[in-house]
Amino acid sequence: MKLRIRSNSVRIRLSRTEVDALCTTGHLEDATEFGTGTFRYALQVKDGISGLQASFENGVVTMYTPVEFARTWPGNTVVGTSGEMPLPGGGHLSLLLEKDFKCIDNTSEDQSDNYEHPNTVC
């Protein structure tokens, strides 16, 4: 699970195995150790919501995706889903959940579990 946070936006990208696991178990979680503490982030399938939501509670960033989306996502060609969550004070948090594609350019990262990129050149 790859997490990107920039300003008021959160993006999560998942490999094939992670998409299958999320849609089977309903939950994924990962962590990054810093020596002085651990940064945790999670993805959770949630009933009763119509779009992406997120929270930051007990030191964990969690993105929630609707059950309806998770039911069909592994077997279809939909790349992902996005949305904006209103924030107190009038702002919003942009959310994006997507399948992780193999890079077209050279990289040393293991991409064997990523989805085939629909483009063949940059």
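It should be noted that the structure appears before, not after, this text.
Residues numbered from 1 in each chain as written. Predicted model: local features only at pLDDT ≥ 70, side-chain atom pairs only at ≥ 80, totals over all residues. Heavy atoms only, no water.

Colleague: I would appreciate a short explanation of the pairing of strand E3 (residues 27–33) in the present structure.
Modeller: By the bridge criterion, seven bridges tie E3 to strand E4 (residues 38–46) in an arrangement that is antiparallel. Pairing of Glu33 across the sheet is with Thr38, part of E4. Between E3 and E4, which pair antiparallel one after the other, the connecting turn spans four residues, and Gly35 there sits at a positive phi close to 85°. (Pairing = 2+ DSSP bridges. Helix = DSSP H or I, 4+ residues; strand = E, 2+ residues; numbered from the N terminus.)

Colleague: It is not clear to me how unusual backbone geometry should be interpreted in this structure. Could you clarify?
Modeller: Glycine aside, negative phi is the norm for most residues, and most peptide bonds take the trans geometry. Even without being glycine, Ser7 reaches a positive phi, approximately 50°. Note on placement: Ser7 falls in the loop between strand E1 (2–6) and strand E2 (9–14). Positioned with a positive phi, Asn58 is a non-glycine residue whose angle comes to about 55°. Along the chain, Asn58 turns up in the loop between strand E5 (53–57) and strand E6 (60–66). Judged by relative accessible area, Asn58 falls into the exposed class, the value being 78%. (Buried < 20%, exposed > 50% of the residue type's maximum accessible area, 1.4 Å probe, protein only.)

Colleague: Looking at this structure, how should I read the pattern of salt bridges?
Modeller: Oppositely charged side chains can form a pair if their charged atoms are brought close together. Applying the stated rule across the entire model yields three salt bridges. Its salt-bridge partner being Glu98, residue Arg11 comes within 3.8 Å of it at the nearest N-O pair. Here Arg11 is found in strand E2, whereas its partner Glu98 is found in strand E8 (residues 92–99), with 87 residues between them in sequence. In this structure, Glu98 and Arg13 form a salt bridge, with 2.8 Å as the shortest nitrogen-oxygen distance. Taken together, the positions of Glu98 in strand E8 and Arg13 in strand E2 put the pair 85 residues apart, joining distant regions of the chain. Taking the relative accessible area as the measure of exposure, Glu98 reaches 13% and is therefore buried. Where salt bridges share partners, they join Arg11, Arg13 and Glu98 into one cluster. (Salt bridge = Lys/Arg side-chain N within 4 Å of Asp/Glu carboxyl O.)

Colleague: What is the right way to look at the nonpolar core in this model?
Modeller: General note: in soluble globular proteins, nonpolar side chains tend to be found buried as a group. By size, the foremost hydrophobic cluster in this structure holds 22 residues, and its most contacted members are Met1, Ile12, Leu14, Leu43, Met63, Leu95 and Leu97. The residues contacting Leu95, other than those within four sequence positions of it, are Val10, Leu52, Gln53, Ala54, Met63, Thr81, Ser82, Gly83 and Met85. (Core = buried A, V, L, I, M, F, W, Y, C linked by side-chain atoms within 4.5 Å. Contact = heavy atoms within 4.5 Å.)

Colleague: How do you make sense of the sheet that holds E8 when you look at a structure like this?
Modeller: Either a parallel or an antiparallel arrangement is found when strands of a sheet pair, and the pairing is made through backbone hydrogen bonds. The strand order across the open sheet built from four strands is E1-E2-E8-E7, with neighbouring strands paired in mixed fashion. In the strand order of this sheet, the two ends are held by E1 and strand E7 (80–86), each with one partner. Strand-to-strand twist in this sheet, taken as the mean axis angle between neighbours without regard to direction, amounts to 10°. Helix H1 (residues 16–25) contacts E2 and E8 of the sheet and is inclined by roughly 100° relative to E2. (Axes fitted to C-alpha atoms, helices over the stretch in contact; angles between N-to-C directions.)

Colleague: What is the right way to read the side chain of Lys99 from this model?
Modeller: Tracing the backbone through its elements, the reader meets Lys99 in strand E8. No salt bridge is formed by the buried Lys99; its nearest oppositely charged neighbour, Asp20, is found at 8.2 Å. Here Asn76 takes part through its backbone oxygen, which lies 2.7 Å from a polar atom of the side chain of Lys99. (Lys, Arg positive; Asp, Glu negative; His and termini not counted. Polar contact = N/O pair within 3.5 Å; in protein donor to acceptor, adjacent residues only side chain to side chain.)

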